[in-house]
Amino acid sequence: MATEAELVQRARQGDETAFAALVEQNQSRIYNLALRMTNNPDDAAELSQEAFLNAWRGLSKFQGGSSFATWLYRLTSNACIDFLRREKRRSGLSMTVSLDDEDEERQVELPDLRYAPEVEVQRRELREAVHKGLDTLSEEHRKVLVLRELDGLSYAEIAALLGLEEGTVKSRIARARLALRKYLISTGNFSPPNTSTS
């Protein structure tokens, strides 16, 4: 069976069968990434196709510095983030965002009280607040936070994906969490820890 590198080499020479094999190898994880980022099966399918099309067109630019799968992941992530920015459809996403460092447990969590209609309203309002907060972040901060929180990538994986130093990724995520926390506190959707001694 041909290795990924061999398939990429053949695909770069115009071998559509080799590229089809690369698509088959990566299809489910790319679709799952797009689905997690858009929370919409139709959008995910369309964006997956867009990512593969961009990969086919951009094969000549692929230097092989990372694996083809990592490069494809980056193309998909960029396509999804561009789509979300264009469409402003973040209200459809469902996510729990860590607002503090990894080792702290405080998170924006959706309550687990089922069956109460007001709970669904609160949950929807909190989701919308988080997505509006994401929209207030700079593109570079939003991107790392989405990759970290939505897709669960490690700092090292995000650094490799975006071509950044790991320290830069940690710094951007810390700043993004701080900005999002400030936004949620200012809109009354997140309470800071109660440090009063009364």
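Here the structure is a predicted model, which is why all the values come from computation and not from measurement.

Student: Help me understand the overall build of the chain in this model?
Tutor: Secondary structure assignment for the chain yields eight helices and zero strands. Counting helices and strands in the order they occur from the N terminus, the chain gives α-α-α-α-α-α-α-α. Every one of the 198 residues in the chain was classed for burial, and the buried ones make up 40%. Counting only carbon and sulfur atoms, one obtains 47% of the accessible surface of the chain, whose full area is about 11100 Å².

Student: Help me understand helix 1 (residues 4–12), please; the structure alone is not making it clear to me.
Tutor: Counting along an α-helix, one turn takes 3.6 residues, and residues three or four places apart therefore face a common direction. Among all positions of helix 1, only Leu 7, Val 8 and Ala 11 are buried. Looking straight down helix 1, one finds that the buried residues subtend no more than 100° of arc, so they occupy a single side. Against helix 2 (16–38), helix 3 (41–57) and helix 4 (68–87) lie the buried residues of helix 1. Directly beyond the C-terminal end of helix 1, a positive phi value near 95° is found at Gly 14.

Student: Please clarify how the nonpolar core should be interpreted in this entry.
Tutor: Counting residues in each nonpolar core, the largest one holds 46 residues, and the members touching the most others are Phe 19 and Phe 68. Mapped onto this core, the elements with two or more residues apiece are helix 1, helix 2, helix 3, helix 4, helix 5 (117–136), helix 6 (139–150), helix 7 (155–162) and helix 8 (166–186). Ranked by the residues each element gives to this core, the list is headed by helix 4, at 10 residues. Those residues in contact with Phe 68 that lie beyond four places of it in its chain are Glu 4, Val 8, Phe 19, Leu 22, Asn 26, Ala 55, Leu 59 and Phe 62.

Student: How do you make sense of helix 2 when you look at a structure like this?
Tutor: In this model, helix 2 (23 residues) spans only 29 Å end to end at C-alpha, well below the 33 Å of a helix rising 1.5 Å per residue. At Asn 26, helix 2 is deflected by roughly 55°, the largest bend along its length. Within helix 2, the full set of buried residues consists of Ala 18, Phe 19, Leu 22, Val 23, Asn 26, Ile 30, Leu 33, Ala 34, Met 37 and Thr 38. For helix 2, the side-chain oxygen to backbone nitrogen distance between the N-cap and Thr 17 is 2.9 Å, and the N-cap itself is Asp 15. Asn 39 sits one or two residues past helix 2 and shows a positive phi near 60°.

Student: Please explain the confidence of the model for the chain as it appears in this structure.
Tutor: Interpreting fine coordinate detail is not advised for predicted regions of low pLDDT. On average, residues of the chain score 77 in pLDDT, and 76% of them reach the 70 mark or higher. Here helix 5 stands out as the element of the chain with the lowest mean pLDDT, 72, in contrast to helix 3, whose mean of 91 is the highest. Confidence over residues 89–95 falls short of pLDDT 50; this stretch has 29 contacts with residues more than four positions distant or in other chains. Every residue in residues 102–115 scores below 50 in pLDDT, and together they form 31 contacts with partners more than four places removed in sequence or on other chains.

Student: What should I look at first to understand the environment of Tyr 183 in this one?
Tutor: As for its position among the elements, Tyr 183 is in helix 8. On the basis of relative accessible area, Tyr 183 is assigned to the partly exposed category, the value being 21%. Remark: the alpha-carbon pair of Tyr 183 and Ala 129, spanning 54 residues in sequence, is separated by 8.7 Å. When sequence neighbours within four positions are dropped, the list of residues in contact with Tyr 183 reads Ala 129, Lys 132, Gly 133 and Thr 136.

Student: Would you take a moment to explain the pattern of salt bridges for this structure?
Tutor: Between side chains of opposite charge, a pair can form as their charged atoms come close. For the coordinates displayed, the defined rule picks out three salt bridges. A salt bridge links Asp 15 to Arg 10; the nearest nitrogen and oxygen atoms lie 3.3 Å apart. Exposure remark for Asp 15: the relative accessible area of 24% places this residue in the partly exposed category. Residue Arg 10 is classed as partly exposed on the basis of its relative accessible area of 34%. Its salt-bridge partner being Glu 139, residue Arg 142 comes within 2.5 Å of it at the nearest N-O pair. Taken as a pair, Arg 142 and Glu 139 lie in helix 6 at a separation of three residues, close to a single helical turn. Since its relative accessible area comes to 5%, Arg 142 is described here as buried.

About the cut-offs
- Residues numbered from 1 in each chain as written.
- Predicted model: local features only at pLDDT ≥ 70, side-chain atom pairs only at ≥ 80, totals over all residues.
- Heavy atoms only, no water.
- Helix = DSSP H or I, 4+ residues; strand = E, 2+ residues; numbered from the N terminus.
- Buried < 20%, exposed > 50% of the residue type's maximum accessible area, 1.4 Å probe, protein only.
- Areas by Shrake-Rupley, 256 points an atom, 1.4 Å probe, with all protein chains shown as cover.
- Arc of directions from axis to C-beta.
- Contact = heavy atoms within 4.5 Å.
- Core = buried A, V, L, I, M, F, W, Y, C linked by side-chain atoms within 4.5 Å.
- Expected span 1.5 Å × (residues − 1).
- Bend = angle between axes of the 7 residues up to and from the residue.
- Polar contact = N/O pair within 3.5 Å; in protein donor to acceptor, adjacent residues only side chain to side chain.
- pLDDT = per-residue confidence, 0-100.
- Salt bridge = Lys/Arg side-chain N within 4 Å of Asp/Glu carboxyl O.

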